[in-house]
Amino acid sequence: SSLHLIHPSTTKMRCQLRHSARRRGAIAAYAITIILSMSPITPPTTNTREFTHGDIFFANASPNNIIADDEVALIEEAERMANEYTNQLDIIVNLTDENPVDSSSSMTKNTKDKIIKKGQKAFDMALKAFPDDTLPHAHALFAKLCTKMGHYEKALELFDEAIRRASLPIQQFYETENHADVQIDAMSDAEYLVKQLVSERNRSHFLFLQSKINTWDNANHVYHRGGIPPETSPMDPLKIAKYQLEIFPTPHPRTLFDIASLSVLLLDSPEHDDVENGDETTPNNATAMAWDAHKTFSLAQTYAFGAYTHGKKRNLVGGKACREDKFGVLVGGRAWSTAASEHFPMKDAGSTSTYMGTVVLENVVLSGRDAVPSGHGSNCHVYVPHRYVDLSNNLPMVTSWETSAMEITMDDNPFWSTYLPENDSRAFNGEIGKDPVGNDILLIPDPSKGRKRIGDEKGFDIAVLLTGYAAQNYYHFITEVLPSLVLMKARIRDVLKSENARDVVIVPNMQHEFVEGFLRLMIPEAFAEEGGTSSTKVVQWGLDKKSNLGESNNSTMKFASPHPITFVHRLYAAAWDQPEQAPPPGGPAHCLTPQPLLLKMQSAVWEASGISAST
């Protein structure tokens, strides 16, 4: 016998538990079906699968652990055990939901330990309340809490046990013959849950390895200011990143980007003797390694673009199915100009065939700290200046890498969730919601419709883009932002004079003194007076570590989150082609602005500074 043979007199209480769970929103996926499965009566239908996964598992639960003198007492004891079990699971769910996805990074170790201790107590009491080897719920829910708190190794152990328990009925099913239709349907639900648990375990494993890479990277920046630590080399995190590629069926675009970046750092490592077969890196194989890294950067963009287009079908940022004529990653000025509504080549570009000029893009979304333009609606073009832009950190995506390349189609996949870049629960003005099985999911609104709470109600009518890839880095600001400013100076002045408050100039965050200094030098009309605040027409873009919003610069709108986003009806952007190869000894070019444009920028800066070319 099994628990589903218990008398159906508890149907009313079962339904009450069901609706209560729906209001709580998270626990139902793994727990509440314990009551529903105790009866052969078909439970009320719902629009989601969240109340069906547990039927087969509880139907296989043994009543041997329920001690009672008669059938009525058996029912009452089963209900008591089930209620206590679900109450303890509810505690774990609440602990998980009360702590935002990205809050654990700011928590002290003591706070995390207290949360884990509470979760451990509820977990232990749940197992004691309903001891049965086929119940995976407590292990799965506590594993999710451990993942949020950064206790990844504990989470992996719990997920493994949850998967083992969830798989027991499946093993039993295939060991028997002559299955009824209801058993086949229940088995389909059981296999669905196992796949869901495997997906969550893989995500936890990925975060575990990513935390090790981030630890190395943070130490590198804090103690060595981005230089290579003398006692180690990028080979250490590079090995971890390559191991990450084995977790999901398809490469994770963030992992590919990390591998490419670490490979470039490896070329400058003081410990490079073991880079290739124990031989010291020579100029020839260093060039080859640089090209390999460049190919990996390109591959990272390709996979990120795929995850982005799948997200468009889920209506992320107002997306729709992509049009065939507006589908692809457009790299460089000439590619941008072919998709632009208008473009204006630089008149004094010289004899070079390299495209340089200003392009006009209609109805685009700007997203991420690099302000990457992408199409809105069914336009799936993504505009990047070169292959070094990390699209996984700039575009809304779904986790399509969790499916093998052979299985991926343009159809939706129930296991995919919205990707949280850098675990940012507010990325792209999103908010955390719940998917049908209670997992956190990032809900991203359409930026063209606006969000009043961020002061960007409908995006912008006209915007001149003076920020981009690594724009708060001095080198990239000088060699890319300033040339863009010089190319579009007349357009900038028109915007600053416009009476339309939704016409703006988007610049890097001015917490960096060199950014504000050069902007005051080149476009003084953008500032109220010498030493005064900038015009409200100047929008600062990018992370503000000083967090001075609403203080001294309260007249300036700032998109100062780690992953900002906005919509622009008409965007003016400078664009040019980069050389395919760097000067001798060769290798891929890295953000090399064409010489005619650099000379034009240099002359303009000299002129604004009152320095003549002869001087």
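This section reports on the structure supplied with the text. (Residues numbered from 1 in each chain as written. Predicted model: local features only at pLDDT ≥ 70, side-chain atom pairs only at ≥ 80, totals over all residues. Heavy atoms only, no water.)

Bringing the pattern of salt bridges into the picture now. Counted under the stated rule, the structure contains 15 salt bridges. Residues Arg165 and Asp133 are paired through a salt bridge, measuring 3.8 Å at the closest nitrogen-oxygen approach. Taken together, the positions of Arg165 in helix H7 (residues 152-174) and Asp133 in the loop between helix H5 (109-129) and helix H6 (137-148) put the pair 32 residues apart, joining distant regions of the chain. For the salt bridge of Glu362 with Arg570, the shortest nitrogen-to-oxygen distance reads 2.5 Å. Here Arg570 lies in strand S12 (residues 565-576) and Glu362 lies in strand S3 (residues 356-367), a separation of 208 residues in the sequence. With relative accessibility at 33%, the residue Glu362 sits in the partly exposed group. Here the salt bridges share partners, and the residues they tie into one network are Asp133, Glu161, Arg164 and Arg165. (Salt bridge = Lys/Arg side-chain N within 4 Å of Asp/Glu carboxyl O. Helix = DSSP H or I, 4+ residues; strand = E, 2+ residues; numbered from the N terminus. Buried < 20%, exposed > 50% of the residue type's maximum accessible area, 1.4 Å probe, protein only.)

Unusually for a residue other than glycine, Asn429 sits at a positive phi of about 60 degrees. Following the sequence through the fold, Asn429 ends up in the loop between strand S5 (380-384) and strand S6 (431-434). Despite not being glycine, Ala470 shows a phi value in the positive range, around 50 degrees. Inspection of the secondary structure puts Ala470 in the loop between strand S8 (460-465) and helix H13 (474-487).

Time to look at the pairing of S3. Across the 12 residues of S3, 10 count as buried, placing the element largely inside the fold. Here four bridges tie strand S2 (residues 342-345) to S3, and the two strands are oriented antiparallel to one another. In the sheet register, Glu342 faces S3, and the bridge partner there is Val360. As judged from the 11 bridges shared by S3 and S12, these two strands associate in the antiparallel manner. Pairing of Val360 across the sheet is with Tyr572, part of S12. (Pairing = 2+ DSSP bridges.)

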